[in-house]
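# Residue-level structural notes
Here's the letter readout for the chains.
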Amino acid sequence: MDLKQLNAFIAVADLRSFSAAATKTGLSQPSLSRLLKQLETDIGVVLIDRYHRPLHLTEAGSFFYDKISTILTEIETVTSMTQRLSAPSTALNIGFVPSVLYGLLPEIIAKLKQSNPDIEVNLKDISSYQQMEALKSGDIDVGFGRFAHQDPWIQQILLRHERYVVALPKSHPLAYVEEQRLIDLANNRLILYHQTHLPIAATVTPSAHARSYSDNTQLDKPIRADAGEQLASNKPITEPLLHLFAQYGISPYMTTTVSDLQVALGLVAAGEGITLVPASLKTVRTEQISYQRLVHENVTSPIYLHTLKDFVHPSISNLLSAIYQVYEQRGITYRPQKFVSQA
Ligand code: BEZ
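Residues take numbers from 1 onward in each chain, read along the sequence in its written order. Predicted model: local features are reported for residues with pLDDT of at least 70 only, side-chain atom pairs are reported and counted for 80 or more only, and whole-chain, interface and lining totals are derived from all residues. The side-chain values count all of the structure's non-hydrogen atoms but skip hydrogen atoms and water molecules.

## Focus: the overall build of the chain
Spelled out, the test is: The helix count covers DSSP runs of H or I at least four residues long, the strand count covers runs of E at least two residues long, and both are numbered beginning at the N terminus. Relative accessibility decides the category of a residue: with a 1.4 Å probe and only protein chains considered, values under 20% of the type maximum give buried, values over 50% give exposed, and everything between is partly exposed. The contact rule is simple, with two residues in contact once any of their heavy atoms fall within 4.5 Å. Accessible surface is estimated by sampling points in the Shrake-Rupley manner with a 1.4 Å probe; for residues, cover comes only from the protein chains shown.
Helices and strands together make up the secondary structure of the chain, namely 13 helices and twelve strands. Within the span of the chain, comprising 343 residues, buried residues form 48% of the whole. Taking contacts inside the chain between residues at least 6 apart in sequence as the whole, the part at least 24 apart equals 76%. About 17,500 Å² of surface is accessible on the chain, with carbon and sulfur atoms providing 53% of the total.

Written out as structure tokens, the structure is:
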């Protein structure tokens, strides 16, 4: 069994076609077929059901596919890390989720460049989940996101917890109420925008916490009542904003889900509902949106720094110092952290 055979097998399994897999791998179709036959002979198992179209994997083939694709990804990660170890890039490639760009990221980069004038920084807008793959493939050296990830290759540092604020249209009756409670917001349409959901282990199970919101009867019929449905079905609440409400036993009656934070704030500006955003977003669309504090101190969004466990880019310790300097200048509370290992 060799890597060429395994890559050919993965290509056929992904594309369900010998000709498409041959194009992808740059092999002729007869060579590809020969490699696959040889792989099956080597392990003594038929992996591909060749008699149906599109092609299917046999049960054993599906098992082999799951296990081998994980191993091949690991081989790619190790190869890329080894190459970076022998010739680390001078540029620092930083992945970030949009919500941190509105906050302190520009100031942190300016601080980093001030103390390291020769540093080259590249910024990439990339979701929290995709950052994990980008770290492994070497596309980024460090990622900033708002979700914890459990991955044996990745180490994460919790930088701080940022408070959420409520974003309301300026015409809303609560727009100028300075300290707001989640319970007073539950009758509004809540705009949801997170693409990444919380891991099941970190979620609230409705039966344990939920106190159903009693005054629903006078409301308009909801367009979507995800939260209510989730509560009724006893499913764990993995959507981050609904999770915050659920911690207080509240199920927002009406919800609308959009693709990102910008769209959510656009809908708030248009008077379509309210949402919760990290406090650093408070400067967006201030002509139409009023941002108000929440009384609940634990309604926060964490900010994590993610990097590889076994290969920490040489500039990352300078980046962490720049972050802590900005926090100190702004009086932000943080607990200094260290990396597990340094290459
Ligand atoms: C922060 O707001 O704490 C932050 C933003 C971007 C990168 C690191 C930290």
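## Examining the site of the ligand
The line we're drawing: When we say a residue is near a molecule or strand, we mean one of its heavy atoms is within 4 Å of it. Nitrogen and oxygen atoms within 3.5 Å of one another constitute a polar contact, given that in protein one can donate a hydrogen and the other can accept it, and given that sequence-neighbouring residues count only through two side-chain atoms. Only Asp, Glu, Lys and Arg are considered charged, only Ala, Val, Leu, Ile, Met, Phe, Trp, Tyr, Cys and Pro nonpolar, and every remaining residue, Gly among them, polar.
Near the ligand, the surroundings consist of Val100, Leu104, Leu105, Ile108, Phe144, Leu159, Arg160, Ile303 and Tyr327. Measuring from an oxygen atom of the ligand, one finds a side-chain N or O atom of arginine 160 at 2.7 Å. Measuring from an oxygen atom of the ligand, one finds a side-chain N or O atom of tyrosine 327 at 2.4 Å. Protein contact buries 100% of the 260 Å² of open area that the ligand shows by itself. When contributions to the shell around the ligand are tallied by element, the ones reaching two or more residues are α6 (105-115) and β6 (154-169). For the shell around the ligand, the per-class residue count stands at eight nonpolar, no polar and one charged.

## A few points about helix α7 (residues 128-137)
Among the residues of α7, Ser128, Gln131, Met132, Ala134, Leu135 and Lys136 are the ones counted as buried. At its buried positions, α7 is contacted by α4 (59-86), β3 (92-96), β5 (142-145), β6 and β12 (300-308).

## Let's talk about the side chain of lysine 136
Within the fold, lysine 136 resides in helix α7. A distance of 2.7 Å separates polar atoms of two side chains, one belonging to lysine 136 and the other to aspartate 151. Beyond its immediate chain neighbours, meaning those up to four positions away, lysine 136 contacts Thr77, Ser80, Arg84, Asp151, Trp153 and Leu308.

## Re the nonpolar core
Heads up, the rule is: Nonpolar core, defined: a set of buried Ala, Val, Leu, Ile, Met, Phe, Trp, Tyr and Cys residues in which side-chain atoms within 4.5 Å join the residues together.
Of all hydrophobic cores here, the largest spans 33 residues; its most connected members are Leu185 and Leu276. Among the elements of the structure, β6, α8 (182-185), β8 (189-192), α11 (240-247), α12 (261-269), β10 (275-278) and β11 (289-294) are those that each provide at least two residues to this core. Setting aside residues no more than four positions away along its own chain, leucine 276 makes contact with Tyr164, Val165, Val166, Leu182, Leu185, Tyr193, Leu241, Leu244, Phe245 and Leu294. Among the nonpolar cores identified, the runner-up in size contains 29 residues, and Phe96, Phe144, Val312 and Ala322 belong to it.

## Here we look at unusual backbone geometry
Even without being a glycine, arginine 16 presents a positive backbone phi close to 55 degrees. Along the polypeptide, arginine 16 turns up in the loop between α1 (3-15) and α2 (18-25). Overall, arginine 16 belongs to the partly exposed group, its relative accessible area being 36%. In the Ramachandran plot, arginine 285 falls in the positive-phi region, its phi being about 55 degrees despite a non-glycine side chain.

## Notes on the packing of aromatic side chains
Applied cut-off: What counts as a ring pair is set by centres within 6.5 Å for rings of Phe, Tyr and Trp (its six-membered ring), and what kind of pair is set by the plane angle: stacked under 30 degrees, edge-to-face over 60, tilted for all other angles.
Scanning the entire structure with this criterion turns up four aromatic pairs. With centroids separated by 5.5 Å and ring planes inclined at 55 degrees, the aromatic side chains of phenylalanine 9 and phenylalanine 64 adopt a geometry described as tilted. On the criterion of sequence distance, the pair formed by phenylalanine 9 in helix α1 and phenylalanine 64 in helix α4 is long-range, its members being 55 residues apart. Assigned by exposure class, phenylalanine 9 and phenylalanine 64 land together as buried. Measuring from ring centre to ring centre gives 6.4 Å for tyrosine 324 and tyrosine 327, while their planes differ by 50 degrees; the resulting arrangement is tilted. Of this pair, tyrosine 324 and tyrosine 327 both sit in helix α13 (residues 316-330), three residues apart, which is roughly one turn of that helix. For tyrosine 324, a relative accessible area of 10% gives the class buried. Each member of the aromatic cluster is reached from another via a ring pair, and the members are Tyr324, Tyr327 and Tyr334.

Functional significance is not addressed by these values, which are geometric in nature.
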